[in-house]
Every structure is written in C-alpha cells, then in structure tokens.
Protein chains: 2
Amino acid sequence: MQEFLIMQNKLNPHISVDCVVFGFDSRQLSVLLVKRQPLEGDPEPGKMKLPGSPVTDAEDLDRSAYRILRELTGLDRIFLKQFAVLSSPDRLQPPSDLEWLRRTSGMHVERMVTVVYYSLIKINGSPLPLSERSQWVNVDEIPQLTFDHNEIIQRAIEQLRREMLTEPIGFELLPKKFTITQLQTLQEVLLGQKIDNRNFRKRILKLEYIIPLNEREKGVSHKPAQLYRFDKKLYNQYKRNIGSVYL
Amino acid sequence: MQEFLIMQNKLNPHISVDCVVFGFDSRQLSVLLVKRQPLEGDPEPGKMKLPGSPVTDAEDLDRSAYRILRELTGLDRIFLKQFAVLSSPDRLQPPSDLEWLRRTSGMHVERMVTVVYYSLIKINGSPLPLSERSQWVNVDEIPQLTFDHNEIIQRAIEQLRREMLTEPIGFELLPKKFTITQLQTLQEVLLGQKIDNRNFRKRILKLEYIIPLNEREKGVSHKPAQLYRFDKKLYNQYKRNIGSVYL
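A. Layout of the overall build of chain A. Scanning chain A from terminus to terminus reveals six helices and nine strands. Taking all 247 residues of chain A together, 51% fall into the buried category. Long-range pairs, those at least 24 residues apart, make up 69% of the contacts in chain A with a sequence separation of at least 6. With 36 positive and 31 negative side-chain charges, chain A shows a spacing of 9 Å between the two charge centroids.

Below, the structure written as structure tokens:
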C-alpha cells in the first residue's frame, strides 16, 4: 500500500485527485508521469499514470493535490489550478486497471469521481527533485496510461491553449529578458503548430506591455537579437481596459 | 425520502451536486431556492436550500445537475455551467442540517464533496413551470440557508461578475432589440453597483458588435430611445482579435 502514504487517514473510495504537470524546457513541452506501484501478477508491470490518489477523509481537494505531488513526484510549492471533474460512472476501465486500484488502495472501489489539477512550470536550469518513480514525458510521446489518463492530458492541453488566449501564462516560462524568437518558440510549442514569423513579430511589437530593452543576446553565434521584458503592471492595466468593454 | 426521487439508483454518500440558478427580470437579480423536505421534529421547518442532491451511482455530474433541477424546481433544458467544487471535510455544518441530510437520504453521511453548477436565465415574459417547493428570492434578501449554501451563492455571484468581464453573457437576458439604458440597468444589477451614464454610453457605442438600429422604443411615456442589437458574429471576430494578442 505504499502507493498512498498517508495511511493514518482513511482514503475515500469515491473521490480522487489527479495532477497534470506540464514542464517547458525552452524547446519542448513534457508532462510528469509516474510508474504505478508494481503488483505481483500485474499484467502490465510499470504501466504509467498521472500523479493521483483518492482523497483522505482529513483533507480538502487542494491539500490532497499538493500532498499527492509531494509523495509521488517530490514536487512542492508549485501553482496548481483545478480545471476539470471527470465523473462518468464507468470511467474506471479497463478491468485490469480497476483491479490494480482495488489492490493498491485496499478498497472495493466501484466508481470514482476525479478532480483534475494542472500546472505549467519551467524545467530548464535547476533540475527538479523528482522521485525515482516519476519522469518527464514529451507530450507527443505519451504511452497508453491507466484509466482515462490519456484523455485527461488531452483536456489539460486544450485548457492550456484556451488560457493562453486570455492570460499571459507563457511569460513565466521564459527568462526575464527574452527574444521575440524565444517567445515565438514557446507559443508554437504550447499551440502545437508553426506560426508565421512576420505576423507574430508585428503582433507582439504592438503590445504596450512587452518592453524593448537596450540590450541584445550575448554569446550566440548568429547576429545577437534584441531583448524584451514582460511588464505585469502594464499588462494588468491593458487587461482591465479590455475587460471593461464586455457586458 | 421524496427528497431524492430516483431511488431505484443508489445515492452516493460522498458526492453531491448543487445548482445556483440566477434569474433576471429586467429589474432585479434573483436566485432559485427550494424549501427542504419537512421532517418530524425538524428544529427549522421549511429552512431553505439550493436545489441539490447526492449523485446516484448511475449518473455523471452533468446528468445529476439536470435531474436535480427537474425534480426540485421543474426547470429543464437551461444551460448549466460547472464552476466550483466545495470539499472542506467539515462543511456539513451545523449538526442539525447534517441530521436532516442523514434522515432524508437514509445514509450515514460523514463528508460530502459538492460540485456546483450555475445558470443565468431571463424570468420576465413567460413564467417558468416551478414546483411548489421552489421560489425565486432576491439576491439581497437571501435567508440563512442549509450548510454552506449562502457561501456558495456568494461565490456564484463573484463568478458571474468575473465572466461578465470576458464573456457577453448579459445579452441573452435582454430583448433582441434593447436600449443603452436597459443594457446599463442589467450591468448595474449584475455588478451590484451604479455606473456613470455618460462613460457607459461612450464605452458601449465604441463596440463594433453592438449595432444601432433604425428603430426607437415604442409605447413609452418618455422620449423613445434608440434601439440596438448584439451581433454575435462580429463579437466573435472581435474576441478572436483580442485573444490573439495574449501569449
């Protein structure tokens, strides 16, 4: 039962939390997966899943999400956002996965509603303290996961793309000082498609909250490009002005 | 046990759905409440609550929400949006409300996670087919409700105000042809505060998706005002253009 560490608290047989943590390393987008606990006679030993667990009777869903990340991945203190609830009565398929859940949880689970959190973090620079069982997997190379976890990741990616249209989530993933090309690469990776350079540059340079600096890249072989920074204050003003025109 | 009609399906002791249905009658904002089922020795007979119920083992949360609205209010086929999950382990307070829940559900409930849906509908014109136990209550005159339902309504109002800033939800509540004053009244009611006429008019007339018509109000004592319509197509273009400037 090491799968769920806080055993002094009863696990809830009906409610779970799953976490989709995206990592951006300035080139590609990955998602954090964990190997499920090996069981004797497991037909699919080492099958992978999202970090998740039934909630305990002592915690609300947010606390549960952070506890799960700590226990299964070693991650802590990252911003998690609740974004979906999957509640189909028959989502615990296939039977072999349900059998695995029953044995590792020690509960006769029949139906589980799962509340899903997601997060987007920078994973270049300082390496994260991940547990042995967890690893980053490129979003284009995700294997067959337990239950409906592939669908959950797909929905998280769609959520990410929706948020990009209304929130400047991307900037947290870039260096403080960035080039237009770095910005474009990020958007292309998050959107999963190429963007026309000329239009992108035009669009970005119009934004009053992206500030050109009197600096250029250093230590590059090609012609060093102009650096920019994101001004959160100006962005918030801009956002308020847009917001106010809706009814 | 009439509180929960679908008794051929087992109720889930851990997961419930509650619905916050807002109604706008062109003057004020109301929320739909139901009298809870009377019980012998109920210390607070007729205490009111949001339409809600534990989910049954056969339904997902969306189906549950529509079933609850039909059963407890008579409402059907309105757009419901899931917007919050309340999961505090000790939200089932006070003890007298918990006792009521245990007796009406026939379950020893200890902890219930509730998923909340909300909706905003027009309630002038054709009256809605409400059940005897349900009634519209002005958002400024809501009594003490069961459990944390007052908090849930407060959070739904905040959600409504957030959405107003990014979605044109208001227009569905107005006649197809409306005056700037009707638009302003609506926004004032939803925001719960007065708005400066001159600025509001200026702001609205700038919006390319609010189309002036060659018509004025009819049958009014005061000088008939210009009528306008909301153009969803132009709005969506406008929204896309705004969306595209974010990263």
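We are not done yet, so read on.
B. Fine view of the relation of the copies chain B and chain A. For the pair chain B and chain A, the best superposition has an RMSD of 0.0 Å and corresponds to a rotation of 180° with a translation of 0.0 Å parallel to the axis. When the rotation and shift are considered jointly, the pair of chain copies conforms to a two-fold rotation axis. The rotation axis passes nearest to the C-alpha of B:H14 in chain B, at a distance of 3.3 Å. Of all interface residues in chain B, 100% are interface residues in chain A too; the two copies therefore contact each other through one and the same surface.

C. Examining the environment of A:F83 more closely. Residue and element names in this part refer to chain A. One can find F83 in strand β5 (residues 81-86). Judged by relative accessible area, F83 falls into the buried class, the value being 18%. Considering only alpha carbons, one finds F83 and R155, 72 residues apart in sequence, at a separation of 9.3 Å. Residues within four places of F83 in sequence aside, it is in contact with V116, Y117, Y118, I152, R155, A156 and Q159.

D. Focus on the domain arrangement of chain A. Residue and element names in this part refer to chain A. Split by domain assignment, chain A resolves into domain 1 (2-164) and domain 2 (169-242). Here the C-alpha centroids of domain 1 and domain 2 sit 32 Å apart. When the buried area of domain 1 at its contact with domain 2 is split by residue, F24, R161 and M164 rank highest and sum to 50% of it. Summed over the shared surface of domain 1 and domain 2, the result is zero salt bridges. Mapped onto the side of domain 1 that touches domain 2, the elements with two or more residues apiece are β6 (113-122) and α3 (149-164). The biggest single contributor to the side of domain 1 that touches domain 2 is α3, with four residues. Its residues placed into classes, the side of domain 1 that touches domain 2 shows six nonpolar, two polar and four charged.

E. Representation of the packing of helix α3 (residues 149-164) of chain B against helix α4 (residues 180-191) of chain B. Residue and element names in this part refer to chain B. Relative to each other, α3 and α4 sit at 140°, their axes nearing to 9 Å. The angle between α3 and α4 falls in the class oblique. Touching L160, R161 and M164 of α3 are Q187, L190 and L191, all from α4. For the contact of α3 with α4, the per-class residue count stands at four nonpolar, one polar and one charged.

F. Spatial organisation of α4(B). Residue and element names in this part refer to chain B. For α4, built from twelve residues, the straight-helix expectation of 16 Å at 1.5 Å per residue is met to within 8% by its first-to-last C-alpha distance of 16 Å. For α4, the set of buried residues is I180, L183, Q184, L186, Q187, E188 and L190. On the buried face of α4, the contacting elements are β1 (11-24), β2 (29-35), α3, α5 (197-205), β8 (210-216) and β9 (226-230). Positive phi appears at G192, one or two residues downstream of α4, with a value of about 70°.

G. Spotlight on the layout of surface pockets. Residue and element names in this part refer to chain B. Roughly 360 Å³ of internal volume is contained in the second largest pocket. Taken together, 16 residues form the lining of the second largest pocket, with F79, Y118, E163, I169 and E172 sitting closest to its centre. Elements supplying a minimum of two residues to the lining of the second largest pocket: β6 (113-122), α3 and α6 (232-243). Residue classes in the lining of the second largest pocket are distributed as nine nonpolar, two polar and five charged. Both of domain 1 (2-164) and domain 2 (169-242) provide at least three residues apiece to the lining of the second largest pocket.

H. View of the interface of chain B and chain A. Listed per partner, the contact involves 43 residues of chain B and 43 residues of chain A. For the chain B and chain A pair, buried surface summed over both sides reaches about 3300 Å², with 62% attributable to carbon and sulfur atoms. Across the contact surface, chain B and chain A share eight residue pairs in polar contact (both at pLDDT 80 or more). Sorting the residues of the side of chain B that touches chain A by element identifies β1, β4 (52-56), β5 (81-86), α4 and α6 of chain B as the ones contributing at least two each.

I. Spatial organisation of the packing of aromatic side chains. Applying the stated rule across the entire model yields 14 aromatic pairs over all chains. Summarising the aromatic geometry, the rings of A:Y209 and A:Y235 are spaced 5.1 Å apart at their centres and angled 85° between planes, so their arrangement reads as edge-to-face. With A:Y209 in the loop between α5 (197-205) and β8 (210-216) and A:Y235 in helix α6 (residues 232-243), the pair connects residues that are 26 residues apart, well separated along the chain. Summarising the aromatic geometry, the rings of B:Y209 and B:F230 are spaced 5.9 Å apart at their centres and angled 85° between planes, so their arrangement reads as edge-to-face. Note that B:Y209 is positioned in the loop between α5 and β8 and B:F230 in strand β9, a separation of 21 residues in sequence. Of the two residues, B:Y209 and B:F230, neither departs from the other in class, the shared state being buried.

Reading guide: rules and limits
Residues numbered from 1 in each chain as written. Chains lettered and ligands numbered in written order. Predicted model: local features only at pLDDT ≥ 70, side-chain atom pairs only at ≥ 80, totals over all residues. Heavy atoms only, no water. Helix = DSSP H or I, 4+ residues; strand = E, 2+ residues; numbered from the N terminus. Buried < 20%, exposed > 50% of the residue type's maximum accessible area, 1.4 Å probe, protein only. Contact = heavy atoms within 4.5 Å. Lys, Arg positive; Asp, Glu negative; His and termini not counted. Charge placed at Lys NZ, Arg CZ, Asp CG, Glu CD. Least-squares fit on C-alpha atoms with pLDDT ≥ 70 in both. Domains from an automatic or database assignment. Buried area = accessible area lost by both parts, 1.4 Å probe. Salt bridge = Lys/Arg side-chain N within 4 Å of Asp/Glu carboxyl O. Nonpolar A, V, L, I, M, F, W, Y, C, P; charged D, E, K, R; others polar. Axes fitted to C-alpha atoms, helices over the stretch in contact; angles between N-to-C directions. Parallel < 35°, antiparallel > 145°, perpendicular 65-115°, else oblique. Expected span 1.5 Å × (residues − 1). 1 Å grid on protein atoms, 1.4 Å probe; cavity = no way out; pocket = protein on both sides within 12 Å on 5 of 7 lines; lining within 4 Å. Points joined across faces, edges and corners; volume = space filled by probe spheres on them. Polar contact = N/O pair within 3.5 Å; in protein donor to acceptor, adjacent residues only side chain to side chain. Phe/Tyr/Trp six-rings, centres within 6.5 Å; stacked < 30°, edge-to-face > 60°.

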